[in-house]
Amino acid sequence: MSRLRDHAALLVALGSVVGWYAALAVVNPVRIADERIHFGLVEEILQGEALSTNLIPMLPAYHYAIAGATWLLGGSLNAARAVNAAVALVGVLLLHACTAGRPAGQRGMQALLYAWNPILLPLCAMVYTEGAATVAIVGAVLAALRGRHGWAALALAVACVVRQSNILWAAFFVGWRMLDGAGVGEGGRLRDLLTLDVRSAAQAARSAWPYGLVVAGAAVFFAIIGGVTVGPAHDNRPRFNPAQFYLFASVVVVLWAPLLARELVRHWPAILVRLRWGGICAGFIAAAGTLEMLYVNPHPWNGDPAYLRNRLLVALHTSLPLRAGAATVFAAAGPLLLWVTRAQPQRALLALVWASGALFLLPHWLAEMRYYIVPIALLHLFANYRTRIGWTLVAWQGALSAAICTFIALYGTPHGGLW
């Protein structure tokens with residue numbers, strides 16, 4: 001019965017991508033948000049015109065690939081979206097293959113958690129680079145799980161060519177190999193790496209060298225072009241933005257709300273006992289107060305109300321009660337997430353994902369939910385959810401995805417209408 005449910009869930013995950021593509025093609029066949037830029041470049045390639053690469057911070061490799069496939073299908077926007085949807089279907093199948101060793105009943109859950117990621121699903125049928133880059137990273141995870149690190153490094157190189165910021169995820173793979181090479185498996189901790197002897201460290205490094213080669217190659221490329229962005233897109237230049245982490249925290253709290261709520265209810269007595277301790281209570285108040293005071297929203301694009309995320313960021317900037325309330329929620333959610341992570345069998349690997357995700361976001365000046373797709377996907381993949389809470393998260397994410405896709409289909413325009 002569980003295997004049948006896995007197969008059915010996989011079909012639903014694949015069908016969700018196809019259904020979203022069909023709905024978008026019929027309801028809103030116009031360029032939405034950054035599709036006007038990405039598909040505009042595809043059109044320039046198809047028409048043999050000079051590329052407006054000054055509009056994008058990445059290499060136009062994705063655009064050439066999409067243009068070639070789109071040309072075979074007629075060259076329209078819906079044709080380009082169909083190519084992206086086909087790539088997304090491959091991503092679902094790759095993710096499903098990553099869970100081959102999971103118990104029956106878990107694989108379908110994981111397929112739906114990936115496909116119903118409310119940030120990823122809308123982009124599965126849109127001309128955006130994130131969908132293809134995420135598929136390449138999932139392919140790298142699958143190859144790494146099978147011990148084919150050369151192929152994994154090649155998939156990571158593809159992800160970096162699509163979006164060069166993915167070089168930071170290549171660094172994650174180096175850390176992952178170090179964990180595995182050091183024998184830090186289930187129940188291990190990141191700090192166990194500090195106790196490695198020379199032989200174990202050398203053995204771990206030998207298995208990590210293909211990923212290190214990708215990192216080194218990217219570093220050489222950045223040195224040649226004199227930066228990490230290709231075009232003169234100054235608003236995409238690397239820079240720290242505190243609002244990025246407030247937005248990420250908001251997304252994490254919303255996506256994992258059922259799990260956090262369950263943990264809060266389960267451990268409420270223990271939490272109350274700890275809050276009676278003066279130090280714990282003072283630390284909580286200090287954390288909430290610090291978060292409230294540190295918030296700024298400096299990027300000019302994050303003031304555009306045509307995007308849902310910007311409305312939240314602007315509201316946090318202008319409303320002290322909202323900012324204080326959000327800071328309190330974040331201060332409470334942090335220990336709960338730590339509690340949940342420490343209870344996971346692969347807690348060291350999950351901690352590495354959290355750390356790598358933070359490192360990945362650090363240089364991204366524009367506060368943008370698209371940057372959270374890979375860390376969310378990896379956190380779900382490496383987590384071991386109990387059946388009830390896992391399927392609750394699936395249902396919750398499905399509802400969020402349906403709401404966001406409906407909003408985009410009805411209100412998406414070339415100038416906004418995206419989360």
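What counts, and at which threshold
- Residues numbered from 1 in each chain as written.
- Predicted model: local features only at pLDDT ≥ 70, side-chain atom pairs only at ≥ 80, totals over all residues.
- Heavy atoms only, no water.
- Helix = DSSP H or I, 4+ residues; strand = E, 2+ residues; numbered from the N terminus.
- Contact = heavy atoms within 4.5 Å.
- Areas by Shrake-Rupley, 256 points an atom, 1.4 Å probe, with all protein chains shown as cover.
- Core = buried A, V, L, I, M, F, W, Y, C linked by side-chain atoms within 4.5 Å.
- Buried < 20%, exposed > 50% of the residue type's maximum accessible area, 1.4 Å probe, protein only.
- Phe/Tyr/Trp six-rings, centres within 6.5 Å; stacked < 30°, edge-to-face > 60°.
- 1 Å grid on protein atoms, 1.4 Å probe; cavity = no way out; pocket = protein on both sides within 12 Å on 5 of 7 lines; lining within 4 Å.
- Points joined across faces, edges and corners; volume = space filled by probe spheres on them.
- Nonpolar A, V, L, I, M, F, W, Y, C, P; charged D, E, K, R; others polar.
- Expected span 1.5 Å × (residues − 1).
- Salt bridge = Lys/Arg side-chain N within 4 Å of Asp/Glu carboxyl O.
- Patch = residues over 30% accessible without salt bridge, like charges linked within 9 Å, V, L, I, M, F, W, Y side chains within 5 Å.

1. Comments concerning the overall build of the protein chain
Helices and strands together make up the secondary structure of the protein chain, namely 19 helices and 0 strands. Considering only intrachain contacts with a sequence separation of at least 6, the fraction spanning at least 24 residues in the protein chain is 79%. A total accessible area of about 18,600 Å² is found for the protein chain, and carbon and sulfur atoms account for 68% of it.

2. A few points about unusual backbone geometry
If you check the backbone angles, Ala 33 has positive phi at about 55 degrees while not being a glycine. In this fold, Ala 33 is placed in the loop between α1 (2–27) and α2 (35–46).

3. Remarks on the nonpolar core
Across soluble globular proteins, nonpolar side chains show a tendency to be buried alongside one another. Within the largest apolar cluster, 107 residues are counted, with the highest numbers of intra-cluster contacts made by Phe 172, Phe 173, Trp 176, Trp 256, Tyr 372, Phe 382 and Tyr 385. If one sorts the elements of this core by residue count, helix α7 (residues 129–145) sits on top with 9 residues. Once residues within four sequence positions are removed from consideration, Phe 173 is found in contact with Ile 137, Ala 140, Val 141, Ala 144, Leu 156 and Tyr 211. Residues Val 42, Ala 80, Val 127 and Ala 133 belong to the second largest nonpolar core, which totals 12 residues.

4. Some details on the packing of aromatic side chains
Counted by the stated rule, this structure contains 15 aromatic pairs. Ring plane angle 40 degrees and centroid distance 5.3 Å describe the contact between Phe 173 and Tyr 211, whose orientation is recorded as tilted. Of this pair, Phe 173 sits in helix α9 (residues 167–181) while Tyr 211 sits in helix α10 (residues 198–225), and the two are 38 residues apart along the sequence. A residue is classified by how much of its surface remains accessible, and Phe 173, at 1% relative accessible area, is buried.

5. A closer look at the layout of surface pockets
One number sums up the size of the largest pocket: a volume of about 820 Å³. Lining the largest pocket are 40 residues, and of these Pro 57, Asn 236, Trp 301, Leu 366 and Tyr 371 lie nearest its centre. Among the elements of the structure, α2, α9 and α15 (308–318) are those that each provide at least two residues to the lining of the largest pocket. It is α2 that contributes the most residues to the lining of the largest pocket, 3 residues altogether. Broken down by class, the residue content of the lining of the largest pocket amounts to 21 nonpolar, 9 polar and 10 charged.

6. Notes on helix α19 (residues 387–411)
In a regular helix each residue adds 1.5 Å, so 25 residues correspond to 36 Å; α19 covers 36 Å between its end C-alpha atoms and thus fits that length. Looking only at α19, the buried set comprises Ile 389, Gly 390, Leu 393, Val 394, Gln 397, Gly 398, Leu 400, Ser 401, Cys 405, Ile 408 and Ala 409.

7. Section: the pattern of salt bridges
Where charged atoms from two side chains of opposite charge approach closely, those side chains can pair. Taken as a whole, this structure holds 8 salt bridges when the rule is applied. Glu 35 serves as the salt-bridge partner of Arg 81, at 2.7 Å between the closest nitrogen and oxygen. Here the residue Arg 81 occupies a position in helix α4 (residues 77–98), and Glu 35 occupies one in helix α2, the gap between them amounting to 46 residues. Put simply, Arg 370 and Glu 368 hold a salt bridge, and the shortest N to O gap is 3.1 Å. Of the two residues, Arg 370 and Glu 368, both sit in the buried class. One salt-bridge network, held together by shared partners, links Asp 34, Glu 130, Arg 163, Arg 309, Glu 368 and Arg 370.

8. Some thoughts on a nonpolar patch on the surface
On the surface, Val 26, Val 27, Leu 410 and Tyr 411 cluster together to form a nonpolar patch covering roughly 450 Å² of accessible area. For the nonpolar patch, the secondary-structure elements that each account for two or more residues are α1 and α19. As for its placement among the helices and strands, Tyr 411 is situated in helix α19. Taking the relative accessible area as the measure of exposure, Tyr 411 reaches 52% and is therefore exposed.

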